[in-house]
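# Descriptive structure summary
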Amino acid sequence: MSKKPDIIPPIRNYFVDEAGDPVLFGGKRGDIIVGTEGCSRFFMLGLLDVPDHAALSKDLIELRLRLMADPYFKDVPSFDPQRKKTALAFHAKDDLPEVRREVFGLLRKYSDLQFYAVVVDKLGYANHVKHRNTQSPAYRYNPNDLYDLLTKRLFNDKLHKSDEYNICFARRGRTDRTVALRLALIEARQRFCKRWKIEPQSTLNMTASDPIQTACLQAVDYFLWAIQRLYEKREDRYLAYLWPSFKLVIDINDMRKAAYGMYYSQKTPLTLAALEGRL
C-alpha cells in the first residue's frame with residue numbers, strides 16, 4: 001500500500017522561544033564563562049507548530065485558572081500574582097512539580113503538535129569566536145549573533161510549503177528585534193529555495209509577544225525545558241514523555257558522526273544514552 005501524501009495546511013502557526021542564554025564571555029578580560037554559575041552550558045531555540053492555536057491557548061488558560069482556584073495551592077508563593085509567576089503564566093522553571101505534571105498532561109493530549117529545536121554547545125561556539133578574533137581582531141561577539149544563527153538553522157526548510165506563516169517570537173528584553181529576525185527568516189528561506197530551485201511564494205507574518213499575552217509560548221517553554229533538563233541536568237524523563245510531539249532536534253556541535261551535527265527524530269530518538277560521550 002502506497003503512503004498517503006502529507007496534507008499541507010495553507011496556514012501554519014509557529015511559536016518560537018529560547019532556553020539557556022547566549023552569553024559567552026564575562027569579566028574585565030572577557031574570559032569564557034560558559035557553564036559557570038548563572039551562565040548555561042547550552043543555548044537552544046525551539047519552534048512549536050500549532051495547528052489549532054486558539055484551542056491550545058484556551059486550554060492552557062483554563063487549566064491555569066482551575067489550578068489557581070484549587071485550595072491545594074492556597075498560599076503557594078508562585079501563585080501570588082504579585083510575584084508574576086504561575087499566577088500569570090506557566091513557566092516550567094518556576095512551576096511546582098504538581099503544576100508541571102498538569103501542563104505536560106495537557107500537551108500530551110494534542111497529538112498534532114510538532115516541535116523542532118536547535119541546540120548549540122556554547123563552549124564550542126566560544127572557542128570558535130576566539131579563533132575568529134585571531135583572524136579578524138575587529139570582530140566583537142554580540143549575543144544576538146548566536147540567536148540569529150540558530151534562527152536561520154531552525155527555519156531552514158520550514159517557510160516554503162504553505163501559503164502563509166504566522167510566526168510569533170518570544171520577546172527578548174526591551175529591544176525590538178523584529179526587523180532583524182524578519183531578515184534572518186527571509187535569508188533562511190532564500191538560501192533553501194535557491195538550493196532547491198524553488199520560487200518562494202508564501203507570506204511571512206511575524207510578531208513578538210510574551211507568554212502572558214500569548215499562551216502558546218508557554219507550551220514552547222515546556223518543550224524547551226524538557227530538552228534543557230537533558231542537556232544541563234542529564235535527566236531525560238520529561239523529554240521522553242513529550243517525545244511523540246518532537247519532529248526534529250538538531251545538535252549542531254555534536255560532530256561525532258557528521259560535520260553538520262546530529263539530527264534526532266522519531267527514528268533516532270534523543271535520549272541520555274544517545275548523548276553518551278557527548279556530555
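Described in the following lines is the structure provided in the data block. (Residues numbered from 1 in each chain as written. Predicted model: local features only at pLDDT ≥ 70, side-chain atom pairs only at ≥ 80, totals over all residues. Heavy atoms only, no water.)

Below, the discussion takes up the pairing of strand E7 (residues 203-209). Where strand E6 (residues 164-170) meets E7, seven bridges bridge the pair, whose relative direction is parallel. Looking across to E7, one finds that Cys 168 is bridged to Thr 207. Regarding topology, helix H5 (residues 178-196) serves as the crossover connection from E6 to the parallel E7, and that connection is right-handed. (Pairing = 2+ DSSP bridges. Helix = DSSP H or I, 4+ residues; strand = E, 2+ residues; numbered from the N terminus. Right-handed = clockwise from strand over helix to strand, strands pointing away.)

Counting 50 residues, the largest nonpolar core has Ile 227 and Tyr 231 as its most contacted members. Element by element, the count of residues in this core is highest for helix H6 (residues 216-233), at twelve residues. Not counting the four nearest positions on each side in its chain, Ile 227 is found in contact with Met 44, Phe 115, Ala 117, Val 119, Leu 239, Phe 246 and Val 249. Leu 47, Tyr 141, Met 206 and Ile 252 belong to the second-largest nonpolar core, a separate cluster that totals 32 residues. (Core = buried A, V, L, I, M, F, W, Y, C linked by side-chain atoms within 4.5 Å. Buried < 20%, exposed > 50% of the residue type's maximum accessible area, 1.4 Å probe, protein only. Contact = heavy atoms within 4.5 Å.)

So, about the packing of aromatic side chains. Overall, the coordinates contain 20 aromatic pairs when judged by the stated rule. With centroids separated by 6.0 Å and ring planes inclined at 35°, the aromatic side chains of Phe 155 and Phe 169 adopt a geometry described as tilted. Pair noted here: Phe 155 is in the loop between helix H4 (143-154) and E6 and Phe 169 is in strand E6, with a separation of 14 residues, a long-range link. Look at Phe 192 and Trp 196: their rings are 6.4 Å apart centre to centre, the planes differ by 45°, and that puts the pair in the tilted class. Separated by four residues within a single helix, Phe 192 and Trp 196 lie in helix H5, roughly one turn from each other. The class of Phe 192 is buried, set by a relative accessible area of 12%. Among the aromatic residues, those joined into a ring-pair cluster are Phe 104, Tyr 222, Trp 225, Tyr 238 and Tyr 241. The lysine or arginine in question, Arg 108, covers the ring of Tyr 241, its NZ or CZ lying 4.4 Å from the ring centre. Positioned over the ring face of Tyr 139 is Arg 132, at 3.7 Å from the centre of the ring. (Phe/Tyr/Trp six-rings, centres within 6.5 Å; stacked < 30°, edge-to-face > 60°. Lys NZ or Arg CZ within 6 Å of the ring centre and 35° of its normal.)

On to the sheet that holds strand E4 (residues 42-49), then. One open sheet accounts for seven strands, arranged E7-E6-E1-E4-E5-E8-E9; its pairing is mixed. The strands lining the two open edges of the sheet, one partner per strand, are E7 and strand E9 (262-264). For this sheet, the mean angle separating the axes of adjacent strands, direction not counted, is 15°. Sheet topology note: the strand E5 (residues 114-121)/strand E8 (residues 246-251) ladder contains five bridges and is parallel. The residue of E8 that forms the bridge with Ala 117 is Val 249. The strands touched by helix H3 (residues 122-135) are E4 and E5; relative to E5, the strand with the most contacts, the crossing angle is about 50°. Across the face of the sheet, H5 comes into contact with E6 and E7 while running at roughly 145° to E7. (Axes fitted to C-alpha atoms, helices over the stretch in contact; angles between N-to-C directions.)

On the secondary structure map, Val 118 appears in strand E5. For the pair Val 118 and Arg 153, spaced 35 residues apart in the sequence, the C-alpha separation amounts to 7.3 Å. Sequence-distant contacts of Val 118, defined by excluding residues within four places in its chain, comprise Phe 43, Met 44, Leu 45, Leu 150, Arg 153, Leu 154, Ile 250 and Ile 252.

In a regular helix each residue adds 1.5 Å, so 18 residues correspond to 26 Å; H6 covers 25 Å between its end C-alpha atoms and thus fits that length. The element H6 is largely enclosed, with a buried count of 14 among its 18 residues. (Expected span 1.5 Å × (residues − 1).)

Structurally, Glu 18 is set in strand E1 (residues 11-19). A polar contact is formed between the side chain of Glu 18 and the side chain of Arg 172, at a distance of 2.6 Å. Residues contacting Glu 18, with those up to four places away along its chain left out, are Phe 43, Met 44, Leu 45, Tyr 147, Arg 172 and Leu 224. (Polar contact = N/O pair within 3.5 Å; in protein donor to acceptor, adjacent residues only side chain to side chain.)

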